[in-house]
Structure formats: C-alpha cells, structure tokens
Amino acid sequence: MLYFITFFDFSVMSGDADTNSFVIWTRISAYRPVSVLYEVAEDSLFNKIVKSGEVKTDSSRDWTVKVLISGLSSGKTYYYRFKYNNVYSPIGKTITLPRSTNKFKIAILSCQHFSENYFWSYKYLLEDSVDIIVFLGDFIYEYSVYRNPRRPDPTPYANDLSTYRAKYRLYYTDPYLKEALRNIPIYVIWDDHEVVNDYSGKTMKYYNPRRLIDAYRAFFEYVPIRDNDSFRIYRSFNIGNLVEVFLIDGRQYRDEMVCRPTFNPRDNCYKMAFSEGRTMLGKEQKEWLISGVLNSKSKWKFVANNVMIMDMFKDNKPLNVDQWDGYYAEKKEFLCKIKNVKNVIFGTGDTHVFYFGEVLCDKKRVAYEVITAGVSSPSGLKALSDTILRQNPHIKFMNAEYRGYVRLDFYNDSLNVYFFGTDEVGNRVLLRKEKILSD
Ligand SMILES: [Fe+2]
C-alpha cells in the first residue's frame, strides 16, 4: 500500500513584509521536537535560492514555525518552502514591499467565524491580484455557533492556551483562506474575539491575566506577525511614498467599557463615554500614532483600525460604546490633532456591516472611513439601516445584508474602493464603488 505522508497540514503563509524582509510560517504535524529546513528563492523552481536555514520547533510553540527572512531586495516576488523528514511543504509565494510605486492594491478583511460560513472572500483575492491583505480583527472566535452551524466546529470554547491553539488549527483548515495566504502576505491586528467578546486588555489583566496571555501567545504562534517581547501589535509599513499603513491595537491598552451591554446602551449609562481621560489606545500608542500620521511622507495615510471611528448615534446617544464612540474625548483629541493632514483613510472591521463615510472633527471632514463586513460573521443591523443613515448624514453608504470584503486600489491621484459582497454560497457581487480623489 502506498501512503502519502504530509507533515504540513496547515500549508504555509507569509506576513508583515517590508522592503527587505518578511515572516514565513508553517506548522509541522509532529509529536516530538523537530528541526525544519526552509528555503527562499527568486524562482518557483528553487534554482535561485537566496536564503536557507534550519529552525527547531516543539510542543512549547505547538509545532508552529515562524522565521523572519531579511536581507532581501525590495519590490520583488519570492517563493519559499519548508522541508521536514524529506518531505517538502507546499510552495508559498510572497513579496517584499516596493521602494517606490504608483499603484498598490490592499484587501481589508475582518470577522471570520468558522461555524458561520466558509471564508468565501479569500477566494476572490487571487483573482483580484491584491498585493497584500490587511486583517482587521476577529481572526478567530473564541466560541462557536451551536444551533444550525453552517459547518461544525468540534473544538471546545477557547479560554486557555490549548483551546486557543485548537481554534487556529481549525480555522486554518478553510481551503480558501489557505490558498490565499499561501500566495499573498497578510498583516493582522486582533480585535476582541481573539480573546473574548468586548474585552478590555487593561481589565482582563486584572481579573484573568493567564487567559489574556494564553490568547495573545497563541496569536503570536499562529499568525505570521513579527515577534516581540511585549505582545505589541501596533506597527507601520511604508509602501513607497504612496501609502503608509498604520496598524493599531484598540484592545490591549483600552479602559473598561463604560457600560454593558455595549450595543444600544440602556438608560444613561453611556454618558461616561464622553468623559475626559478615558483611553482606547493607551498613552504610548496614541503618541506613536499621532506623530506617525503627522509626519508621514506618504501620499495616503491608511489606518488599519479595529472598531468604527465615525460617530454613530441613534436618538442622540452612541449606539455602540465598544466602538470609538465609547472613548469620545480621546477620539476627538486624535482626530482634531490630525485635521490638517491630507488623505487619511481609516479601514475598519468589527461591525459585520459595510459602511463608507466621513470622519469629522468639529463637523469638518478630516478623513474617510471604509468599513468591511465580516468574512463570514453575519449582521443583525439591517432593520436599523434606514434610521442609522437618516440620523448620521456623514455616513454615506451602509449595507448590512452581505458578508464580504473591501478592496482599495491606491494611486497617486485617487483611491478606488470596491465593496464586494459574498452570498451564502460564495457568489460575489460588487455592492458599491467609491472614487476618492487625493487632495
Ligand atoms: Fe466580529
């Protein structure tokens, strides 16, 4: 009998590419400490290998393998693969960022709930030939849908290291995700469900530090993000002088929610949302972000943002205090400080709804916000759409019907934004196109 042995059940992926380096990732299906070889080449036949080496992995990192490959040329396509026990992994393809360019395509995705549906959005990213994927949070969900799941999630509720790891392993079985991430580098920020719904890192640290650390550790093991000692995920990348991407962390350093439930807050509990001194970003990140945006030399300043920053009010109160509206004073301070910076775009996830609109400081537009629906997480906001649009005139477009993703094509003189919906069985429909001219 002939057996096909694969040690690479989770394929390969890459991420956090800059002009001369990127992270490559895989996981070995093994049960003892192992050594893994890696090779990076300029061609898919691996005739021109430019980097190679050996790394070890074992149970301490759940047999995940992550290598930062550096010293590469800018603006190039590279191929990479791993080898263990004489078996090669699938071949991955990735890029280094260009030092100069006048066109760049970014897909933004968020909220992929495994048991809610297949991850159809990824299916179209290769067809769209996007340069990079920016994932805005809810890369996994700690819980699964038990009633009529679209596909079963056999893993338990995640609340410690082994159960968080199991979620990533499950999510990485999605065929569309696998194929896209084998070919396109991804830049991921977390939102709440990588830990638990609507959490604040500051308060988690106080009442359940182990759970927080376990969740963050599993994220760093499984996501092709650059490692560091402090679970820092806010970072920035330059795509020539065309776009600077600022990826932010709206969870780890935020103060506790002003009230719960955070959606449609009862009574007057939302009033604290306007009080001074409350933070979402934390002091260090806030200073980093403001000075980064103020001093950026790029045409477009693209902020990869967890939760909606446009005001969203209903009957004169914030509709969702888990969003930036729950940290209103800090939001105002941030937006008013960057009001003279041109061409700032926020790309946001979290809400499972498509939106497009204007971000304001003192009623004047300082930026546009593009919000993507979930890859698979559904929305319950359709019934409120008319009310939201009527009461928030700065919100120009809203679609709570479709899941999907958004593609942003950046040029020197304009930015084209395509809102793509995917239906229950994965057909794609263009819901809206926006053309933003650069100032
Ligand atoms: Fe979500």
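Residues numbered from 1 in each chain as written. Predicted model: local features only at pLDDT ≥ 70, side-chain atom pairs only at ≥ 80, totals over all residues. Heavy atoms only, no water.

Novice: I would appreciate a short explanation of the nonpolar core in the present structure.
Specialist: Note that soluble globular proteins tend to have their nonpolar side chains buried in a common cluster. By size, the foremost hydrophobic cluster in this structure holds 104 residues, and its most contacted members are Phe82, Tyr122, Phe139, Tyr172 and Leu408. Shared between two domains, this core takes at least three residues from each, and those domains are domain 1 (12-94) and domain 2 (100-437). Membership of the second largest hydrophobic core comes to 36 residues, among which are Ile248, Met280, Val293 and Val307. (Core = buried A, V, L, I, M, F, W, Y, C linked by side-chain atoms within 4.5 Å. Buried < 20%, exposed > 50% of the residue type's maximum accessible area, 1.4 Å probe, protein only. Domains from an automatic or database assignment.)

Novice: In this structure, what is going on with the domain arrangement of the chain? I would like to understand it.
Specialist: How big an interface is tends to be expressed through the accessible area that disappears when the partners come together. The domain architecture assigned to the chain consists of domain 1 (12-94) and domain 2 (100-437). Contact residues are listed per partner, giving 25 residues for domain 1 and 21 residues for domain 2. Between domain 1 and domain 2, the buried area comes to about 1900 Å², and carbon and sulfur atoms account for 47% of it. It is Met13, Asp16 and Lys66 in domain 1 that bury the most area against domain 2; as a group they hold 33% of the surface buried on that side. Taken together, the links from domain 1 to domain 2 amount to four salt bridges. Counting every contact that joins domain 1 to domain 2 gives 19 residue pairs in polar contact (both at pLDDT 80 or more). Every element with two or more residues in the side of domain 1 that touches domain 2 is listed here: strand 1 (12-15), strand 2 (22-27), strand 5 (64-69) and strand 8 (92-95). Across the side of domain 1 that touches domain 2, the residue classes break down as 10 nonpolar, eight polar and seven charged. (Contact = heavy atoms within 4.5 Å. Buried area = accessible area lost by both parts, 1.4 Å probe. Salt bridge = Lys/Arg side-chain N within 4 Å of Asp/Glu carboxyl O. Polar contact = N/O pair within 3.5 Å; in protein donor to acceptor, adjacent residues only side chain to side chain. Helix = DSSP H or I, 4+ residues; strand = E, 2+ residues; numbered from the N terminus. Nonpolar A, V, L, I, M, F, W, Y, C, P; charged D, E, K, R; others polar.)

Novice: I tried to follow the state of the cysteines on my own but got confused; where do I start?
Specialist: A complete count under the given rule lists two disulfides for this structure. Each sulfur in the disulfide pair Cys259 and Cys269 lies 2.2 Å from the other. When the S-S torsion is 50°, as for the bridge of Cys259 with Cys269, the disulfide is right-handed. With Cys259 in the loop between strand 13 (243-247) and helix 6 (283-295) and Cys269 in the loop between strand 13 and helix 6, this residue pair connects regions lying 10 residues apart in the sequence. In this structure Cys259 comes out as buried when scored by relative accessible area, which is 9%. Among the residues examined, Cys269 registers a relative accessible area of 28% and is labelled partly exposed. Shown here is the disulfide that connects Cys336 with Cys361, its sulfur atoms set 2.2 Å apart. (Disulfide = S-S within 2.5 Å.)

Novice: Mind showing me how you'd approach the packing of helix 6 against helix 7 (residues 328-337) here?
Specialist: Direction vectors running N to C along helix 6 and helix 7 enclose 20°, while the axes themselves pass 10 Å from each other. Relative to helix 7, the element helix 6 is oriented roughly parallel. Two packed elements cross with a definite hand, and for helix 6 against helix 7 that hand is right-handed. Residue-level contacts link Lys286, Leu289, Ile290 and Leu294 of helix 6 to Glu330, Glu333, Phe334 and Lys337 of helix 7. Residues of the contact of helix 6 with helix 7, tallied by class, amount to four nonpolar, no polar and four charged. (Axes fitted to C-alpha atoms, helices over the stretch in contact; angles between N-to-C directions. Parallel < 35°, antiparallel > 145°, perpendicular 65-115°, else oblique. Left-handed = near helix turned anticlockwise from the far one by under 90°.)

Novice: Is there a simple way to think about the coordination of the iron ion in this case?
Specialist: Angles at a metal have ideal values that depend on geometry: 109.5 degrees with four tetrahedral donors, 90 or 180 degrees with six octahedral donors. At 2.1 to 2.5 Å from the iron ion lie its protein donor atoms, namely Cys111 (SG), Asp138 (OD), Tyr141 (OH) and His352 (NE2). Each of the four donor atoms around the iron ion contributes to a set of angles spanning 83 to 177°, which defines the coordination as irregular. The sequence pattern describing where the donors of the iron ion fall on their chain is C-x26-D-x2-Y-x210-H. Taken together, the residues span a long stretch of sequence, with Cys111 in the loop between strand 9 (103-109) and helix 1 (123-127) and Asp138 in the loop between strand 10 (132-135) and helix 2 (161-171) at a distance of 27 residues. Judged by its relative accessible area of 0%, Cys111 falls in the buried class. A relative accessible area of 1% places Asp138 in the buried class. (Donors = N, O, S within 2.8 Å, 3.2 Å for Na, K, Ca; no water. Tetrahedral: all angles 85-135°; square planar, octahedral: opposite > 155°, others 65-115°.)

Novice: Teacher, can you tell me more about the packing of aromatic side chains here?
Specialist: Think of a pair of aromatic rings as described by two things: how far the centres are apart, and how the planes are tilted against each other in angle. Scanning the entire structure with this criterion turns up 39 aromatic pairs. Ring centres 6.1 Å apart and planes at 80° place the aromatic pair Phe313 and Tyr328 in the edge-to-face group. Linking Phe313 in strand 15 (residues 313-314) with Tyr328 in helix 7, this pair joins segments that are 15 residues apart in sequence. There is no split in this pair, since Phe313 and Tyr328 are both buried. Pairwise contacts between aromatic rings join Trp25, Phe135, Phe139, Tyr168, Tyr172 and Tyr222 into one cluster. The ring of Tyr88 has Arg81 lying over it, and the distance from NZ or CZ to the ring centre is 4.0 Å. Geometry around Phe119 places Arg151 over its ring, the cationic atom sitting 4.8 Å from the centre. (Phe/Tyr/Trp six-rings, centres within 6.5 Å; stacked < 30°, edge-to-face > 60°. Lys NZ or Arg CZ within 6 Å of the ring centre and 35° of its normal.)

Novice: Mind showing me how you'd approach the packing of helix 2 against helix 5 (residues 209-222) here?
Specialist: The geometry of a pair of packed helices is captured by two quantities: the angle between their axes and the separation between those axes. Running from N to C, helix 2 and helix 5 cross one another at 35°; their axes reach a closest spacing of 8 Å. Classified by chirality, the crossing of helix 5 by helix 2 is right-handed. In this structure, helix 2 contributes Leu161, Tyr164, Arg165, Tyr168 and Arg169 to the contact, and helix 5 contributes Arg211, Asp214, Ala215, Arg217, Ala218, Phe219, Glu221 and Tyr222. For the contact of helix 2 with helix 5, the class distribution of residues is seven nonpolar, no polar and six charged.

Novice: How should the sheet that holds strand 13 be read in this particular structure?
Specialist: Spatially, the seven strands line up as an open sheet ordered 12-13-14-17-19-18-20, and their pairing is mixed. Either end of the sheet is taken by a strand with one partner, and the two such strands are strand 12 (235-239) and strand 20 (395-399). Across the sheet, the mean angle from the axis of one strand to that of its neighbour is 25°, orientation sign disregarded. Examined bridge by bridge, strand 18 (residues 354-361) and strand 20 share four bridges and lie antiparallel to one another. The residue of strand 20 that forms the bridge with Gly357 is Ile395. (Pairing = 2+ DSSP bridges.)

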